Amino acid sequence: MSEEYVLQLQHIRKEYPGVVALKDVTLELKKGEILALIGENGAGKSTLIKCCSGAVIPTAGKIVVNGKEFTSMTPQLAAENGIAIIYQEFNNVKELSAAENLFLGRPIRKGIVVDKAAMEKEAVKAFERLHIKIDPKTLMKNLTVGYQQMVEIAKAIQQNAQILIMDEPSAPLTSAEVESMFEVVEQLRDEGISIIYISHRLEELYRLSDRILVMRDGEYVKTLITEESNTQELIRLMVGRELTESYPPRGNCVKEDDVVLELKDVTGNGDKNISLKVRRGEILGLGGLVGAGRTELAQLIFGAAKKESGQVIFKGKEINPKSPREAIDLGIALVPEDRKRHGAMLGISIKNNINMPIYERNSTLSVIDSKKEKEIAEKYQKNMAIKTPSLNQLVKNLRNLSKVS
């Protein structure tokens, strides 16, 4: 290994039953640099970084950390070799304090008793190092998402991580929180810590990264020097073709009076007096900060939460679905925020998942029409470009599980 690199993933391959998630991927990370890792959903980015943490064991290839060669990692081995990963889904305990989360799994003790005062004192030092103001006694559940992420970063640094991998760190943050996070990331780079930064937001990569590694369909495509690249080139490398229009014209397909869904002063599930109209063929965006009530409103419309007052009018008729089943029967669908917990059933097949909401209507005397089931699954596999060798493949074996819908 060149002494220039602190981490090398060499010819990494990962196979699941019937699926090749990674095909001969090589990555090289220099000391004190930010390497951006990009690719479309399903490109294999998450699988690759999980090979670094020990969450995934490669089928082939090797991992080289500061000259030491490994065929696979374990979480403990990764930590011992200075590798830390901050996932989109934080690994914290909401009912514990910031200090207790900082020392999760490795508390400071005085004899057999956990020394909270000592942990709080060390936490203050850790937060001061990152120039962030967090009361170490504050429960995690009472911190903003941005501060929760700062605790995760502080935890990694507290464990002497020299290689920090960040998976979509800006996704849940406000603009102000993103700027604070950028400052911390740049500070860590200046201190000599090497960072792999995953993001779909290309403007962030040009702000932070030194080099950009592009992946597509589980394969390595190219590594570019950030300042020598441009957005069009990155998009072309990610999708494998030229895109002349990011947002093609839609034409005048929306009619002002063709309202499909209307909410009038709807209150419930934490939202108050919400009114809106959605017309046929229209995409209506719901904006707001984390906790503003967007997800709660979607749950209410879908019948997953109770409406307290107001009217929901669908196709000209007032509706009041008491359950998701009633909403589905009306023709309303929800792609939930947390796909793994509330969307896909990971332990069953793609075919079963696609047909799950409509089994009742496609069954006779509780017997599933297997021919119709297969036809429907094949139709949506084609329409949604689901990449799988078989519709009998378990959903958990697909790439990009966090965004399975």
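Everything that follows concerns the structure shown earlier in this document.
Criteria and cut-off values
Residues numbered from 1 in each chain as written. Predicted model: local features only at pLDDT ≥ 70, side-chain atom pairs only at ≥ 80, totals over all residues. Heavy atoms only, no water. Helix = DSSP H or I, 4+ residues; strand = E, 2+ residues; numbered from the N terminus. Rg over C-alpha atoms; globule rule 2.2 N^0.38 Å. Areas by Shrake-Rupley, 256 points an atom, 1.4 Å probe, with all protein chains shown as cover. Lys, Arg positive; Asp, Glu negative; His and termini not counted. Charge placed at Lys NZ, Arg CZ, Asp CG, Glu CD. Salt bridge = Lys/Arg side-chain N within 4 Å of Asp/Glu carboxyl O. 1 Å grid on protein atoms, 1.4 Å probe; cavity = no way out; pocket = protein on both sides within 12 Å on 5 of 7 lines; lining within 4 Å. Points joined across faces, edges and corners; volume = space filled by probe spheres on them. Nonpolar A, V, L, I, M, F, W, Y, C, P; charged D, E, K, R; others polar. Pairing = 2+ DSSP bridges. Axes fitted to C-alpha atoms, helices over the stretch in contact; angles between N-to-C directions. Contact = heavy atoms within 4.5 Å. Buried < 20%, exposed > 50% of the residue type's maximum accessible area, 1.4 Å probe, protein only. Core = buried A, V, L, I, M, F, W, Y, C linked by side-chain atoms within 4.5 Å. Parallel < 35°, antiparallel > 145°, perpendicular 65-115°, else oblique. Left-handed = near helix turned anticlockwise from the far one by under 90°.

Q: I would appreciate a short explanation of the overall build of the protein in the present structure.
A: Helix and strand counts for the protein stand at 13 helices and 18 strands. By the compact-globule yardstick of 22 Å for 405 residues, the protein fits well, its C-alpha radius of gyration being 24 Å. Along the first, second and third principal axes, the C-alpha atoms of the protein reach 65 × 45 × 45 Å. Here the protein has roughly 22,200 Å² of accessible surface; of this, 50% comes from carbon and sulfur atoms. Computing the positive centroid from 57 side-chain charges and the negative centroid from 55, the protein places the two 5 Å apart.

Q: Please explain the pattern of salt bridges as it appears in this structure.
A: A side chain of one charge can pair with a side chain of the opposite charge when the charged atoms of the two come close. Considering all chains together, one arrives at 19 salt bridges under this definition. Notably, a salt bridge pairs Glu204 with Arg201, separated by 3.6 Å at the nearest N-O pair. Among the charged side chains, a network of salt bridges with common partners joins Glu179, Glu186 and Arg207.

Q: Sorry if this is basic, but what is going on with empty space enclosed by the protein here?
A: Rolled over the atoms, a probe as big as a water molecule pinpoints where empty space is left. Summed over all chains, the structure comprises two cavities of 30 Å³ or more. Together, Asn355, Ile358, Tyr359, Asn362, Ser363, Ile368, Asp369, Lys372 and Glu373 line the second largest cavity. A class-by-class count of the residues in the lining of the second largest cavity yields three nonpolar, three polar and three charged.

Q: Any chance you could explain the sheet that holds strand S16 (residues 317-319) here in plain terms?
A: Strand pairing in a sheet relies on backbone hydrogen bonds, with the paired strands running either antiparallel or parallel. Pairing within the open sheet is antiparallel, and its four strands lie in the order S14-S13-S15-S16. Single-partner strands in this sheet number two, and they are strand S14 (271-279) and S16. Averaged over all pairs of adjacent strands, the angle between strand axes in this sheet comes to 25°, irrespective of strand direction. Here five bridges tie strand S13 (residues 259-268) to strand S15 (residues 309-314), and the two strands are oriented antiparallel to one another. Pairing of Lys264 across the sheet is with Gln311, part of S15. Contacting S13 and S14, helix H9 (residues 294-301) runs over the sheet at an angle of about 115° to S13.

Q: Please clarify how the environment of Leu234 should be interpreted in this entry.
A: Here Leu234 shows up in helix H8 (residues 231-239). By relative accessible area, Leu234 is classed as buried at 0%. In this structure the C-alpha to C-alpha distance between Leu234 and Leu202, which are 32 residues apart in sequence, comes to 8.6 Å. Apart from the residues within four sequence positions on either side, Leu234 is in contact with Ile38, Leu202, Tyr206, Ile212, Val214 and Leu224.

Q: What's the story with the nonpolar core in this structure? I'm lost.
A: The tendency in soluble globular proteins is for nonpolar side chains to be buried as a group. With 46 residues, the main nonpolar core has Phe127, Ile153, Leu164, Leu188, Ile195 and Tyr197 as its most contacted residues. Every residue in contact with Leu164, bar those within four places of it in the chain, is listed here: Ala84, Ile86, Ala156, Leu188, Ile193, Ser194, Ile195 and Ile196. Among the nonpolar cores identified, the runner-up in size contains 29 residues, and Ile49, Cys51, Met73 and Ile198 belong to it.

Q: Even after reading the chapter, I still don't get the packing of helix H5 (residues 145-158) against helix H6 (residues 175-190), so can you show me in this structure?
A: The geometry of a pair of packed helices is captured by two quantities: the angle between their axes and the separation between those axes. The geometry of H5 relative to H6 is characterised by a closest axis approach of 10 Å and an angle of 10° between their N-to-C directions. Put simply, H5 runs roughly parallel to H6. The interaxial crossing formed by H5 with H6 has right-handed handedness. From H5, Val145, Gly146, Gln149, Met150, Ile153 and Ile157 reach across to H6, where they touch Glu177, Ser180, Met181, Val184 and Leu188. Of the residues contributing to the contact of H5 with H6, the split by class is seven nonpolar, three polar and one charged.

Q: Would you mind going over the side chain of Thr267 with me for this structure?
A: Along the chain, Thr267 falls in strand S13. Thr267 sits in the buried class, given a relative accessible area of 13%. Once you skip the residues sitting within four places of it in the chain, Thr267 turns out to touch Lys272, Asn273, Leu300, Lys307, Glu308 and Ser309.

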